[in-house]
Amino acid sequence: MSARSAQLLFHFLTAWLVVENAGVSVGLASTTLSLKLIHRFSDEAKALKFKSETNGASSWAWAERRKRSMDYYRVLLSSDFQRQKMKLGAHYQLLFPSQGSKTMSFGNDFGWLHYTWIDIGTPNVSFLVALDTGSDLLWVPCDCIQCAPLSGGSYSSLDRDLNEYNPSDSTTSKHLSCSHQLCESGSNCKSPKEPCSYNINYYTESTSSSGLLVQDVLHLGSGSDDTSKNTSVQAPVIIGCGMKQSGGYLEGVAPDGLMGLGLGEISVPSFLAKAGLVRNSFSMCFNEDKSGRIFFGDLGPATQQSTSFLPLDGIYKTYIVGVEACCIGNSCLKQTSFRAMIDSGASFTFLPDEVYEKISEEFDRHVNTTRSSFEGFPWKYCYKSSSQELPKLPSVTLMFPLNNSFVVHNPVFMINGDQGVVGFCLAIQPTDEDIGTIGQNFVTGYRLVYDRENLKLAWSRSNCQDLGDSKTMPLTSPPNGTQSNPLPTNEQQRTPGEHAVAPAVAGRNPSKPSAASTRLISSRLCLLRLLPELLLLLNIISAFKLDTGIL
């Protein structure tokens, strides 16, 4: 018998078994469907398996497993480990810093970035870290040689002193050795037992952090921002003991440390996902009032839009997306496609030179206000304003594949003088790099989901409420793309530029159907369920006739 005939016969027997074992009883009586379960290493399963090997290796393996040998249990255990790695059941749906999910911006006092309080070590010590999706390492000032001032009096926005980390004071800390797989400087060590050093140079000129890598615990919460009701979680992570900072970090941009949220193995999201604590995803939300949220494990609502991350030199190194076109008002401009990094550590947005000029000129054409310049401001497209409110401005929209769109709700920033608002500027800067940067000013008012499992960026309009409260917003997308039916939330009800719609009022449940109609529906559903198997069986028989001529 030919190989094709053997395959057809196998499919024929499989389809026959499905129909034969279905135990169908169609009529007014209740319908029951049943199937026999067969273990994959049983004799019955072996009988259904066509031998493709010409030697006896396959038969030997089956015999060994049948004897409940070590090989048998090894194969079963290996399969279980694979299922564990799939992370189908993470321990927690959402995690956030132990002091709450809230983030905050202190404006120019701290470099316009967003920050959150975290707790590290045992006993725990608090740090106000900047949030940066453009880098990987979590580092804090530690055994300082050259660090930014930590006294609260050095910063007008703070009402307390900042802390310095001392690994020797934490009972759960230990230095990372040069032999560790995550020690990038290991090749420069004299001994594999030496402490592993790190040195990170950031995008901003002359800005860096260096020191030693330490293993310790990061304290997180699961529940809501009501810390009295939280479940406390201690997650092992690698921390940079930042002994020496330079550039912007000495000037107060991140005086108490920085949490890298990138795709690297050493980032906090990577550690949480590998430990099976949460799904490999996190969200950040930036509100108009400079507040925000961060949640680990958040997959976002079902209504969100999304676009895929792009690799850089064949590797997914950071969160890069591809913009297909830029639209100013109703005008979508040609040749405005570009790649950009989504970087929460950047306050403003930078676009490749040619794209910048086209967008800026089109924006300027729609603004009915006097163009101006302000001393000390590097922005090219600025305008005078005699009102405390902004004039009507055109919308800026980024178009992504599959017609997904991202509307930038606040592409400008106000300029204040002694008498109040004196003007505003288009908050975009040019860059001579091929890859631009989408900074915080473009993503304000959005809940951004960094779905690392599926390598996608997703977004939805949000007022950055507490996702830990399941009554406020659905926590994750329904499985397999199905739509859930929760009560409408603010995010689901509101359309940009329109008023909120009141939640729908539920009507009375329909009366129960009669028993006869229930049985009739069940019988018809049974036939419908069997239809694919019956069609498969007919197709196989027809193909078998053509191939063998024996049926």
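Each residue is numbered by its place in its chain's sequence as written, counting from 1. Per-residue local features of the predicted model are confined to residues with pLDDT of at least 70, and side-chain atom pairs are confined, for both listing and counting, to 80 or more; whole-chain, interface and lining totals are unaffected and use all residues. The side-chain quantities take in all heavy atoms of the structure and omit both hydrogens and water.

## Let's talk about the state of the cysteines
Phase 1: Any two cysteine sulfur atoms lying within 2.5 Å of each other are counted as a disulfide. Summed over the entire model, instances satisfying the criterion amount to 7 disulfides.
Phase 2: With its sulfur 2.1 Å from that of its partner, Cys183 forms a disulfide with Cys196. Handedness of the Cys183-Cys196 disulfide follows from its S-S torsion of about 100°: it is right-handed. Highlighted residues: Cys183 in the loop between strand 6 (174-175) and strand 7 (197-201) and Cys196 in the loop between strand 6 and strand 7, separated in sequence by 13 residues. Each member of the pair, Cys183 as well as Cys196, is classed as buried. We count a stretch as a helix when DSSP gives it H or I for four or more residues in a row; a strand needs E for two or more, and each element gets its number in order from the N terminus. Each residue's exposure class comes from its accessible area (1.4 Å probe, protein chains only) as a fraction of the maximum for that residue type: buried when under 20%, exposed when over 50%, partly exposed otherwise.

## Here's the deal with the nonpolar core
Phase 1: By nonpolar core is meant a set of buried Ala, Val, Leu, Ile, Met, Phe, Trp, Tyr and Cys residues that side-chain atoms within 4.5 Å join together. Grouped together as the largest cluster of nonpolar side chains are 91 residues, with contacts concentrated most on Ile120, Met259, Phe296 and Phe406.
Phase 2: Contact definition: two residues touch when any of their heavy atoms are within 4.5 Å. With residues near it in sequence (within four places) discarded, Met259 still touches Ile118, Val129, Ala130, Leu131, Asp132, Leu137, Leu138, Val268 and Phe296.
Phase 3: Counting 8 residues, the second-largest nonpolar core is a separate cluster that includes Phe374, Trp379, Cys382 and Phe413.

## Side note on the pairing of strand 2 (residues 102-105)
Phase 1: Residues of strand 2 alternate between two faces, with Thr103 and Ser105 buried on one and Lys102 and Met104 left unburied on the opposite face.
Phase 2: For two strands to be treated as a pair, DSSP must find no fewer than two bridges joining them. For strand 2 and strand 12 (residues 291-296), the ladder comprises 3 bridges, and the chain directions are antiparallel. Note that in strand 12 the partner of Met104 across the bridge is Ser291.
Phase 3: Here strand 2 pairs with strand 3 (residues 114-120) via 2 bridges, running antiparallel. Paired with Met104 across the strands is Tyr115, a residue of strand 3.

## Observations regarding the sheet that holds strand 23 (residues 412-417)
Phase 1: Pairing is antiparallel in the open sheet, where 4 strands are placed in the order 19-20-24-23. The sheet is open, and its two edges are formed by strand 19 (371-372) and strand 23, each paired on a single side.
Phase 2: In the sheet, strand 20 (residues 382-384) pairs with strand 24 (residues 420-426) via 3 bridges, with the strands oriented antiparallel. Counted as the bridge partner of Lys384 is Gly423 from strand 24.

## Considering the side chain of Asp451
Phase 1: Along the polypeptide, Asp451 turns up in strand 27 (residues 446-451).
Phase 2: Buried and without a salt bridge, Asp451 has Arg279 as its closest oppositely charged side chain, separated by 6.8 Å.
Phase 3: With sequence-adjacent residues up to four places away left out, Asp451 is seen in contact with Asn280, Ser281, Leu299, Phe309 and Lys456. The positive count covers Lys and Arg only, the negative count covers Asp and Glu only, and His and the chain ends enter neither. For this document, the term salt bridge refers to a Lys or Arg side-chain nitrogen within 4 Å of an Asp or Glu carboxyl oxygen.

## Focus: the pattern of salt bridges
Pairs can form between side chains of opposite charge once their charged atoms are near each other.
Phase 1: Within the structure shown, the criterion is met by 7 salt bridges.
Phase 2: For Lys380, the salt bridge goes to Glu357, with nearest N and O atoms at 3.6 Å. Note that Lys380 is positioned in the loop between strand 19 and strand 20 and Glu357 in helix 6 (residues 353-366), a separation of 23 residues in sequence.
Phase 3: Judged by its relative accessible area of 43%, Lys380 falls in the partly exposed class.
Phase 4: Classification of Glu357 by relative accessible area gives partly exposed; the value is 27%.

## With respect to helix 6
Phase 1: For a helix, the expected span equals 1.5 Å multiplied by the residue count minus one. A rise of 1.5 Å per residue sets the reference length of helix 6, with its 14 residues, at 20 Å; its end C-alpha atoms lie 20 Å apart and thus fit the reference within 8%.
Phase 2: For helix 6, the full list of buried residues reads Val355, Tyr356, Ile359, Ser360, Glu362 and Phe363. The arc that holds every buried residue of helix 6, seen down its axis, measures 165°, which confines them to one face. Of the exposed residues in helix 6, those oriented more than 90 degrees away from the buried face are Glu354 and Arg365. The arc in question is traced by the directions running from the helix axis to the C-beta atoms.

## Observations concerning unusual backbone geometry
Most peptide bonds take the trans form, and the phi angle of most residues other than glycine is negative.
Phase 1: The amide bond that connects Thr122 to the next residue, Pro123, takes the cis arrangement and shows omega of -5°.
Phase 2: The topology assignment puts Pro123 in the loop between strand 3 and strand 4 (125-132).
Phase 3: Within the chain, Asn403 stands out as a residue other than glycine whose phi angle is a positive 65°.
Phase 4: Mapped onto the fold, Asn403 is located in the loop between strand 21 (396-400) and strand 22 (404-408).

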